[in-house]
4 protein chains.
Amino acid sequence: MCRFLAYCGEPVLLETLVCTPCHSLIEQSMHAAEAKTETNGDGFGVGWYSERTEPGRYCEIRPAWSDENLQSICSHVRSHLFFAHVRAATGTAVSRANCHPFKAGRFLFMHNGQIGDWTRLRRKVEAMIPDHLYATRTGTTDSEAIFLAALGQGLEEDSVGAFRKVLHAIRDEMAATGVTAPLRFTATWTDGERVWAVRWASDNKPPSLYWRASGDGLIVVSEPVDAQRDQWRPVPSGGGLVARVGGAPESFTFH
Amino acid sequence: MCRFLAYCGEPVLLETLVCTPCHSLIEQSMHAAEAKTETNGDGFGVGWYSERTEPGRYCEIRPAWSDENLQSICSHVRSHLFFAHVRAATGTAVSRANCHPFKAGRFLFMHNGQIGDWTRLRRKVEAMIPDHLYATRTGTTDSEAIFLAALGQGLEEDSVGAFRKVLHAIRDEMAATGVTAPLRFTATWTDGERVWAVRWASDNKPPSLYWRASGDGLIVVSEPVDAQRDQWRPVPSGGGLVARVGGAPESFTFH
Amino acid sequence: MCRFLAYCGEPVLLETLVCTPCHSLIEQSMHAAEAKTETNGDGFGVGWYSERTEPGRYCEIRPAWSDENLQSICSHVRSHLFFAHVRAATGTAVSRANCHPFKAGRFLFMHNGQIGDWTRLRRKVEAMIPDHLYATRTGTTDSEAIFLAALGQGLEEDSVGAFRKVLHAIRDEMAATGVTAPLRFTATWTDGERVWAVRWASDNKPPSLYWRASGDGLIVVSEPVDAQRDQWRPVPSGGGLVARVGGAPESFTFH
Amino acid sequence: MCRFLAYCGEPVLLETLVCTPCHSLIEQSMHAAEAKTETNGDGFGVGWYSERTEPGRYCEIRPAWSDENLQSICSHVRSHLFFAHVRAATGTAVSRANCHPFKAGRFLFMHNGQIGDWTRLRRKVEAMIPDHLYATRTGTTDSEAIFLAALGQGLEEDSVGAFRKVLHAIRDEMAATGVTAPLRFTATWTDGERVWAVRWASDNKPPSLYWRASGDGLIVVSEPVDAQRDQWRPVPSGGGLVARVGGAPESFTFH
């Protein structure tokens, strides 16, 4: 289980959401409130869009709470669209290659959840990664494998459909393999213009996901970053959101 | 606030105490029970004696709970005398140089506690470090400074007296500077033959310290590492212990 | 290109070979003499056997030349059989998971060389890893993949034959894929009792490999670690060695 | 010996100078041409000014040549004034706290050179750091100590004079202590508006320093970053430069 945050809207310093709020993502790295694991100290990552099509990224294996570089970058980088993630590893190594957000071309992707019995499924899910992307697989997480598989299913044209196809295929493989542990997928991704977020699980118990408008922008979080609980709306299980800078978020169903 | 463990006795693999028990030091790095901070994820260190006079040491800045190297070293190093420490930083950087145990010649030293208002006192305490040791100061903690100052006060001949002199001098400097925050010193050190442990604070509220016999050996801990709570005896505030391999521990007062 | 060293014989401190000689492996991390790249600063690893069947291991991503932990471990660990490696990455990330020696059960493996055009071959070589080992794949190197594939070809019973089968299969895949870059394999491995070393390449230009007797033991190196050049014998291209503690090394051909 | 680069002028992506040129600073981290040590793999740092008075900073202990974060930050951060440094340690630890550029308030500082026999001088130079800055000393280098001492000698009002006073005082202490090794100081610093660079040594053999105009800006380097050797002018021993964005550099003497 991990904690994440995605923002699109008026350009702001990353620190505005990552460091400053009372229950900021850095605070959540040590004291998450709604996660199964309170401590999310197994590495972190931030990704942001600037003047280029491809995003910048800073990942590290130490806890977010003690990293001076992260504080400095968040105090100096202003962006209209950024992602941030603090990790609680569930069986795979603590390494930069396993830190979210994952990046491929202009896309960023973050995931909270898991493929049940991952060690048994890994080979089958990696087989879903298309040849031309196979060598870009850098880590060992289920999250990165799902992302690369979705890229092979048309993520660039229909990202919601691509993830749906991959999740259904994984669910079918899990059933065929006799895995009874659930497949859970609370995730957010972006192509640099739009941000999507979905909340889905094969057992109907996906990890939490909240959002709120911020001016004409959108913030999506694992759990609220401030004390204004009434401003944050939960995304329902089987639901999703999509927004672009300057446009109102639209909700959709995700099954 | 940190968590530590010291052992002397029959040679055992480090893992016997550092990794395996239900409330081992590695477990305490994520879930300490009696500390002000539950998480001790700001680096760690182990030091051990083998065939040489000077101890070996392995320190790292990441949390103990996720470090494969630590697991491997603890599974393969057997020692009659070793120290282990997981750190919760209180204001100074997370760096190898700030990890306990500190080493000087054949000595190791670990500390749980603090010099109140350390940033105001630092210069004065560093002035207590003798010239010939000054260049060996590698970090910025109060703990290392106390250790180096004690080396200048005769640690090699009368270690208890040396720490007492240094603590009294620091207490006096704190009073002269107008610092009202307390000076707290729960610590353990060794010359490779004997292990000392003391528990003292200027406000009579030192961090916890427990010990128990282990065959003809001694284990000293911040908090018990297993569920046999009745086997562990608290060291009283103002008290200390000294033991050598094969000898019964002796208690003393420390004021 | 990397530099490595393997030792079996009378128990010695690791530092005897890793740190102390004039052209020690640590010295080679900054100034290799016979490698294509003089600097081998992309991480390192040591593995050693003690009282357990499985070896201990310490790997890190920083250069060997500046790591105090490595110095300390090598000064305090005495072993009858150990491996050490300093890495010069050739396209894959600098991460602990990509550091040699690789470990599987009681085996250790180190490799200097490469599978030409690795990014095109990766999927095919990973397909050679048997199901029950697939989840133990932690990194992205060709070296680890060859090792895991050999485990699936009977490494535990006939290690030389297992590597030969894997290398031939890879060579055939390279030909089928149209890869013209060579397959080079200068490697050493151990089951904790015997040490094997081979030197082979599809273009007959494998990286250098030397050995010498050390009492009734064996030292195998990428390049000599001391100035006594006449004591070191090159392993010929297409040749191999096997030795056990206390027995004279035997040579064999490897095609 | 280290390698550094400072830029002020039209806002450019950091990569323009740090990563892209044929002999960029990252290239110099492995293959410096004019330094005593070819390899500068003991950590690195970049500092840059954006919309805030205080600069951002990213430092790490691994070599610059293999750090994906550094590449990503340099590809996405655009600045009118930035510093970059790759380190070759000379006796002090490889740690973030010892990485240049050092930062204090709105100032950045980088140094190539050394105080001869630093371990003997350290106490005396640290005594020059004023009380209110003493607690900000995070590392153990001579470079950081010189910088903090200069802040106590009026760096904010007359930075050239402040460094001169400190260097003279250190030279006098060295003479009084009987140190015959030289004091060498090739350095650059900035307050966020102007960039200064000086080249001085007590034995008249300061490390190299070059500059060139870049539009209406200035680039200062340890050694040229590209093949256009004739565009780079050496700063003479005992010389200095100062420039601000949009203004022509002015030279001065520094004794």
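Residues numbered from 1 in each chain as written. Chains lettered and ligands numbered in written order. Predicted model: local features only at pLDDT ≥ 70, side-chain atom pairs only at ≥ 80, totals over all residues. Heavy atoms only, no water.

1. A few points about helix α6 (residues 142–151) of chain A
Phase 1: Burial analysis of α6 of chain A places ten of its ten residues in the buried class, the great majority of the element.
Phase 2: Contact partners of the buried residues in α6 of chain A: β5 (102–104), β6 (107–115), α4 (118–126), α5 (131–134), α7 (159–177) and β7 (183–190) of chain A. (Buried < 20%, exposed > 50% of the residue type's maximum accessible area, 1.4 Å probe, protein only. Helix = DSSP H or I, 4+ residues; strand = E, 2+ residues; numbered from the N terminus. Contact = heavy atoms within 4.5 Å.)

2. With respect to the pattern of salt bridges
Phase 1: Scanning the model with the defined rule gives 71 salt bridges over all chains in all.
Phase 2: Residues R120 of chain A and D117 of chain A are paired through a salt bridge, measuring 3.1 Å at the closest nitrogen-oxygen approach.
Phase 3: For R123 of chain D, the salt bridge goes to D131 of chain B, with nearest N and O atoms at 2.8 Å. Of the two residues, R123 of chain D is situated in helix α4 (residues 118–126) and D131 of chain B in helix α5 (residues 131–134); the pairing between them involves two chains.
Phase 4: The partly exposed category is assigned to R123 of chain D, whose relative accessible area is 22%.
Phase 5: In this structure, a network of salt bridges that share partners links the residues E60 and R96 of chain A together with R62, D67 and E68 of chain D. (Salt bridge = Lys/Arg side-chain N within 4 Å of Asp/Glu carboxyl O.)

3. Overview of the interface of chain B and chain A
Phase 1: Taken together, the contacts link 13 residues of chain B with 13 residues of chain A.
Phase 2: Between chain B and chain A lies a buried interface of about 950 Å² when both sides are counted; carbon and sulfur atoms form 53% of it.
Phase 3: Where chain B meets chain A, there are zero salt bridges.
Phase 4: Here chain B is connected to chain A by two residue pairs in polar contact (both at pLDDT 80 or more).
Phase 5: Considering only residue class, the side of chain B that touches chain A consists of six nonpolar, three polar and four charged. (Buried area = accessible area lost by both parts, 1.4 Å probe. Polar contact = N/O pair within 3.5 Å; in protein donor to acceptor, adjacent residues only side chain to side chain. Nonpolar A, V, L, I, M, F, W, Y, C, P; charged D, E, K, R; others polar.)

4. Focus: the relation of the copies chain B and chain A
Phase 1: When chain B is fitted onto chain A, the two copies agree to an RMSD of 0.0 Å after a turn of 180 degrees and an axial shift of 0.0 Å. On the angle and the small slide along the axis, the relation comes out as a two-fold axis. Relative to the rotation axis, the closest C-alpha in chain B is found at R62 of chain B, a distance of 2.7 Å.
Phase 2: Interface overlap between copies is the fraction of interface residues in one copy that are interface residues in the other; for chain B against chain A it reaches 100%, indicating a shared surface. (Least-squares fit on C-alpha atoms with pLDDT ≥ 70 in both.)

5. Observations regarding the side chain of Q28 of chain B
All names here are of chain B.
Phase 1: With respect to the helices and strands, Q28 occurs in helix α2 (residues 25–31).
Phase 2: Residue classification places Q28 among the buried positions, given a relative accessible area of 1%.
Phase 3: Contact partners of Q28, with chain neighbours within four places excluded, come to R3, H23, E38, N40, E223, P224 and V225.

Structural measurements only, silent on function.
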